[in-house]
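The lines below spell out each chain.
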Amino acid sequence: MLRDIDQFFLNQDEPTKGCLFYLRELILGFDDNITEAWKYKMPFYCYKGKMFCYLWVNKKTSQPYVGIVEGRKIDHPLLVMEKRSRMKIMTIDAHADIPLETIRSILKMAIDLYAG
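Residues numbered from 1 in each chain as written. Predicted model: local features only at pLDDT ≥ 70, side-chain atom pairs only at ≥ 80, totals over all residues. Heavy atoms only, no water.

J.: Sorry if this is basic, but what is going on with the packing of helix 2 (residues 16-30) against helix 3 (residues 100-115) here?
T.: Any two packed helices are characterised by how steeply their axes cross, that is the angle between the axes, and by the distance between the axes. Close contact between helix 2 and helix 3 brings their axes to 11 Å; oriented N to C, the two are set at 45 degrees. As the angle between them shows, helix 2 and helix 3 are arranged oblique. Regarding helix 2 and helix 3, the two cross each other, and that crossing is right-handed. Residue-level inspection shows Tyr 22, Leu 23, Leu 26, Ile 27 and Phe 30 of helix 2 in contact with helix 3, the latter providing Leu 100, Ile 103, Arg 104, Leu 107, Lys 108 and Ile 111. Along the lines of polarity and charge, the residues of the contact of helix 2 with helix 3 split into nine nonpolar, no polar and two charged. (Axes fitted to C-alpha atoms, helices over the stretch in contact; angles between N-to-C directions. Helix = DSSP H or I, 4+ residues; strand = E, 2+ residues; numbered from the N terminus. Parallel < 35°, antiparallel > 145°, perpendicular 65-115°, else oblique. Left-handed = near helix turned anticlockwise from the far one by under 90°. Contact = heavy atoms within 4.5 Å. Nonpolar A, V, L, I, M, F, W, Y, C, P; charged D, E, K, R; others polar.)

J.: Explain the sheet that holds strand 2 (residues 42-47) here, please?
T.: Neighbouring strands of a sheet are bound in pairs by backbone hydrogen bonds; such pairs are parallel or else antiparallel. Across the sheet, which stays open at both edges, the five strands sit in the order 1-2-3-4-5 with antiparallel pairing between neighbours. Among the strands making up the open sheet, the edge pair consists of strand 1 (34-39) and strand 5 (88-91). With strand direction ignored, the average angle separating the axes of adjacent strands in the sheet is 25 degrees. Where helix 2 meets the sheet, its contacts fall on strand 1, strand 2, strand 3 (50-57) and strand 4 (64-68), and the angle it forms with strand 3 comes to roughly 165 degrees. Contacts between helix 3 and the sheet are confined to strand 1, strand 2, strand 3, strand 4 and strand 5, with strand 3 contributing the most and set at about 150 degrees to the helix. (Pairing = 2+ DSSP bridges.)

J.: Looking at this structure, how should I read the pattern of salt bridges?
T.: Once their charged atoms are close, side chains differing in charge can pair, the charge on each being opposite to the other. A full pass over the atoms with the stated rule returns ten salt bridges. Across the pair Glu 70 and Lys 73 runs a salt bridge whose closest N-O atoms are separated by 3.6 Å. Of the residues examined, Glu 70 reaches a relative accessible area of 11% and is grouped as buried. Judged by its relative accessible area of 52%, Lys 73 falls in the exposed class. Here Glu 70 ties to Arg 86 by a salt bridge, and the two come within 2.6 Å at their closest N and O atoms. One end of the pair, Glu 70, is in the loop between strand 4 and strand 5; the other, Arg 86, is in the loop between strand 4 and strand 5, with 16 residues separating them in the sequence. For Arg 86, a relative accessible area of 35% corresponds to the partly exposed category. (Salt bridge = Lys/Arg side-chain N within 4 Å of Asp/Glu carboxyl O. Buried < 20%, exposed > 50% of the residue type's maximum accessible area, 1.4 Å probe, protein only.)

J.: Explain helix 2 to me, please; I cannot follow it from the model alone.
T.: The periodicity of an α-helix, 3.6 residues per turn, causes residues three or four places apart in sequence to face the same way. With 15 residues, helix 2 extends 21 Å between its outermost C-alpha atoms, agreeing within 8% with the 21 Å of an ideal straight helix rising 1.5 Å per residue. Listed in full, the buried residues belonging to helix 2 are Thr 16, Cys 19, Leu 20, Leu 23, Arg 24, Leu 26 and Ile 27. Projected down its long axis, helix 2 shows its buried positions confined to an angular sector of 170 degrees, all on one face. Away from its buried face by more than 90 degrees, helix 2 exposes Glu 25 and Gly 29. The elements touched by buried residues of helix 2 are helix 1 (4-10), strand 1, strand 2, strand 3, strand 4 and helix 3. (Expected span 1.5 Å × (residues − 1). Arc of directions from axis to C-beta.)

J.: What is the right way to look at the side chain of Gln 63 in this model?
T.: Mapped onto the elements, Gln 63 comes out in the loop between strand 3 and strand 4. A distance of 3.3 Å separates a polar atom in the side chain of Gln 63 from the backbone nitrogen of Ala 94. Excluding its chain neighbours within four sequence positions, the residues that come into contact with Gln 63 are Trp 56, Val 57, Asn 58, Thr 91, Ile 92, Asp 93 and Ala 94. (Polar contact = N/O pair within 3.5 Å; in protein donor to acceptor, adjacent residues only side chain to side chain.)

Spelled out as structure tokens, the structure:
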């Protein structure tokens, strides 16, 4: 039987499914201290046991995004706070090439907040 977290990814439609699977592998491969967890019915990624980002799909636009838990502490033009008090998100266009260097840069900034 599949875990809930695996089911989340498999239940998505293409191209969102492929995009989310790629982002999952990118995040998990970014640092050896990153682990995956199923929290709040969504895939979360922890750095040394502390939640630092998550993946989700915008219900209105069906676009996947990377949420950064301590996003309010990161100044990056592609991170948007909207009505959140702590987290910022980066929306990903599932129909376009994934901006690898931008995502890696944001992940590094997020991890640096925990490494301090």
